[in-house]
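Summary of the model geometry
These are the residues of each chain, in order.
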Amino acid sequence: MSKAQEIISLYDQYVMPTYGRYPLVFVRGQGTRVWDVDGKEYLDFGGGIAVNVLGHAALADALAKQANILVHCSNLYYTEPQGLLAKKLVELVGVAGKCFFCNSGAEANEALYKLARKFGHDSGRYEVLTFVNSFHGRTLAGISATGQEKVKKGFEPMVDGFRHVPFNDLDAVAAAIGPKTAAILLEPVQGESGITPAKPEFLRGLRRLCDERGLLLMYDEVQCGIGRTGEFCAWRVVAPDVVPDAMSWAKGLAGGFPIGAIWARKPFADVLGPGTHASTFGGTPLACAVALSVIEKMENDNLMANARDLGAHLMAKLRTLPGVTAVRGFGLMIGVDTAMENRVLVAKAAARGLLLVPAGTQTVRFLPPLNITRSEADEAFTKFTQALGDA
Ligand SMILES: Cc1ncc(COP(=O)(O)O)c(C=O)c1O
């Protein structure tokens, strides 16, 4: 038995089969490259599904430094990294507000649902409108919020209080708002269903409706946030004037170390008061110090500008390919449609040494680190072209 088969058989025997995995076993990464157990090199443009914003093996110094000082002490106390990270995130949003820290995207969205419910509680409102083809995570409330039937199947009944409305359809949203509605939650760029940006006019219309009807406008920036689109917040690319009331982050925030967070603007920043919400591991000094170091690197190396430049470069090249029917996205959050089934194309790309991620049924995603070089973008394009041509 090869080493790869040996490791896969460990999963077969001991790991719950919740994922449809590719038969690739990785042992090491450096920058934009990873190596499998047989020593084969891959250009990683999946980025761990929009997580590894600085690439591989980029966190060691920050991790080691903080690990030698203080890893965890609970939220019964104060630590400087959590306070500094909250301050930094509020500055990056550019609107006065406060943050809450947790460990994942689904958990960050849970905090948004609770914020919406607490906000609406005294007026008997608890419903959150979400969108068809959205994705908000795999917790019970997460699959209830998600606008895709496949994630709910077998787990019914869903958590009460979520309704799905067609994306980019303002009339449908206006018609769906009822006496129980407290908030609207959307991804400014839908990720899992195939990289579909909200239309600027749609966001403006949602803001208007929320203001008229006293609802919270909440953005799920778990996948599209943290600089990937060329701005720290994706909504700043879609419609920079449409400021939300609250927002969630995770994935790239600490470049691969687990962390999630929400931000809410004043006056909603104090809705979740003492004793109303918590997470044992939320905002540990270790996670926050790593996130701070990731953001510092992104700023010092102008990585959001790099995402804008190389994203535009790569998208322009992808649009020239005969097999490509559509290219959508901003910065280094790119969705490419082809006639080929996406999982097949992703497997072909991997065989050519390029890691990509499927979305929906016809879309493959390019979600590389934000510090890729032009030659790496060109190399990915060449490998993708070869994969498209492979019968
Ligand atoms: C937009 C969005 N929200 C939430 C989540 C859930 O994040 P996590 O897997 O960290 O719980 C994801 C994950 O893909 C996502 O893309």
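Everything numeric in this text was worked out from a predicted model, so none of it was measured.

Here the structure, examined in full by the defined rule, presents 18 salt bridges. Put simply, arginine 365 and glutamate 192 hold a salt bridge, and the shortest N to O gap is 2.8 Å. Note that arginine 365 is positioned in strand 17 (residues 363-366) and glutamate 192 in the loop between strand 8 (189-190) and strand 9 (196-197), a separation of 173 residues in sequence. Taking relative accessible area as the criterion, glutamate 192 reaches 21% and is therefore assigned partly exposed.

Inspection of the secondary structure puts serine 134 in the loop between strand 5 (127-131) and helix 6 (140-145). A distance of 3.5 Å separates the side chain of serine 134 from the side chain of histidine 136, its partner in a polar contact. Beyond its immediate chain neighbours, meaning those up to four positions away, serine 134 contacts Ala145, Thr146, Gly147, Gln148, Glu187 and Gln190.

As a structural note, the neighbourhood of the ligand is formed by 13 residues, with Gly105, Ala106, Asp220, Gln223 and Lys251 the closest of them. At 2.8 Å from an oxygen atom of the ligand is found a main-chain nitrogen or oxygen belonging to glycine 105. Measuring from a nitrogen atom of the ligand, one finds a backbone N or O atom of phenylalanine 135 at 3.4 Å. Contact with the protein chains removes 81% of the 390 Å² of surface that the ligand exposes when unbound. Looking at the shell around the ligand element by element, the count peaks at three residues for helix 5 (residues 105-120). In terms of residue class, the shell around the ligand is built from three nonpolar, six polar and four charged.

This brings us to helix 5. Compared with an ideal rise of 1.5 Å per residue, which puts 16 residues at 22 Å, helix 5 spans 23 Å between its outermost C-alpha atoms and is within 8% of the ideal. Along helix 5, the residues classified as buried are Gly105, Ala106, Ala108, Asn109, Ala111, Leu112, Tyr113, Leu115, Ala116 and Gly120. Two to three positions downstream of the cap, the backbone nitrogen of glutamate 107 sits 3.2 Å from a side-chain oxygen, assigning the N-cap of helix 5 to serine 104.

Residues Leu10, Tyr11, Tyr14 and Val15 make up a contiguous nonpolar surface patch of roughly 410 Å² in combined accessible area. Mapped onto the secondary structure, tyrosine 14 falls in helix 1 (residues 3-14). In this structure tyrosine 14 comes out as exposed when scored by relative accessible area, which is 61%.

Attention shifts here to the packing of aromatic side chains. One pass over the full model with this rule turns up ten aromatic pairs. On the basis of an interplanar angle of 70° and a centroid distance of 5.8 Å, the ring pair of phenylalanine 131 and phenylalanine 167 is categorised as edge-to-face. In this pair, phenylalanine 131 is assigned in strand 5 and phenylalanine 167 in the loop between strand 6 (162-165) and helix 7 (170-176), connecting sequence segments 36 residues apart. A residue is classified by how much of its surface remains accessible, and phenylalanine 131, at 1% relative accessible area, is buried. Following the ring pairs from residue to residue traces out a cluster consisting of Phe45, Phe366 and Phe384. One cation-aromatic arrangement involves arginine 28 over tryptophan 35; the distance from NZ or CZ to the ring centre is 4.1 Å. Geometry around tyrosine 22 places arginine 343 over its ring, the cationic atom sitting 4.5 Å from the centre.

Moving on, we come to the sheet that holds strand 16 (residues 357-359). If you trace the four strands from one edge of the open sheet to the other, you get 13-14-17-16, paired in antiparallel fashion. At either margin of the open sheet sits one strand with a lone partner, and together these are strand 13 (324-330) and strand 16. This sheet shows a mean twist of 30° between the axes of neighbouring strands, independent of strand direction. Across four bridges, the pairing between strand 14 (residues 333-338) and strand 17 is antiparallel.

What follows is about the domain arrangement of the protein chain. Looking at the assigned domains, one finds that the protein chain contains domain 1 (3-58 + 302-389) and domain 2 (70-300). Overall, the association of domain 1 and domain 2 removes approximately 2,300 Å² of surface from exposure, summing both partners, and the carbon and sulfur fraction of that is 63%. Of all residues in domain 1, Met304, Phe330 and Met333 give up the largest surface area on contact with domain 2, accounting jointly for 32% of the area buried on that side. One can count one salt bridge joining domain 1 with domain 2. Where domain 1 meets domain 2, there are 13 residue pairs in polar contact (both at pLDDT 80 or more). Listing elements by their share of the side of domain 1 that touches domain 2, those giving two or more residues are helix 2 (47-50), helix 11 (303-318), strand 13, strand 14 and strand 17. It is helix 11 that provides the largest number of residues to the side of domain 1 that touches domain 2, a total of four residues. Residues belonging to the side of domain 1 that touches domain 2 are distributed by class as follows: 16 nonpolar, seven polar and three charged.

What counts and what doesn't
Residues numbered from 1 in each chain as written. Predicted model: local features only at pLDDT ≥ 70, side-chain atom pairs only at ≥ 80, totals over all residues. Heavy atoms only, no water. Salt bridge = Lys/Arg side-chain N within 4 Å of Asp/Glu carboxyl O. Helix = DSSP H or I, 4+ residues; strand = E, 2+ residues; numbered from the N terminus. Buried < 20%, exposed > 50% of the residue type's maximum accessible area, 1.4 Å probe, protein only. Polar contact = N/O pair within 3.5 Å; in protein donor to acceptor, adjacent residues only side chain to side chain. Contact = heavy atoms within 4.5 Å. Near = heavy atom within 4 Å. Areas by Shrake-Rupley, 256 points an atom, 1.4 Å probe, with all protein chains shown as cover. Nonpolar A, V, L, I, M, F, W, Y, C, P; charged D, E, K, R; others polar. Expected span 1.5 Å × (residues − 1). Patch = residues over 30% accessible without salt bridge, like charges linked within 9 Å, V, L, I, M, F, W, Y side chains within 5 Å. Phe/Tyr/Trp six-rings, centres within 6.5 Å; stacked < 30°, edge-to-face > 60°. Lys NZ or Arg CZ within 6 Å of the ring centre and 35° of its normal. Pairing = 2+ DSSP bridges. Axes fitted to C-alpha atoms, helices over the stretch in contact; angles between N-to-C directions. Domains from an automatic or database assignment. Buried area = accessible area lost by both parts, 1.4 Å probe.

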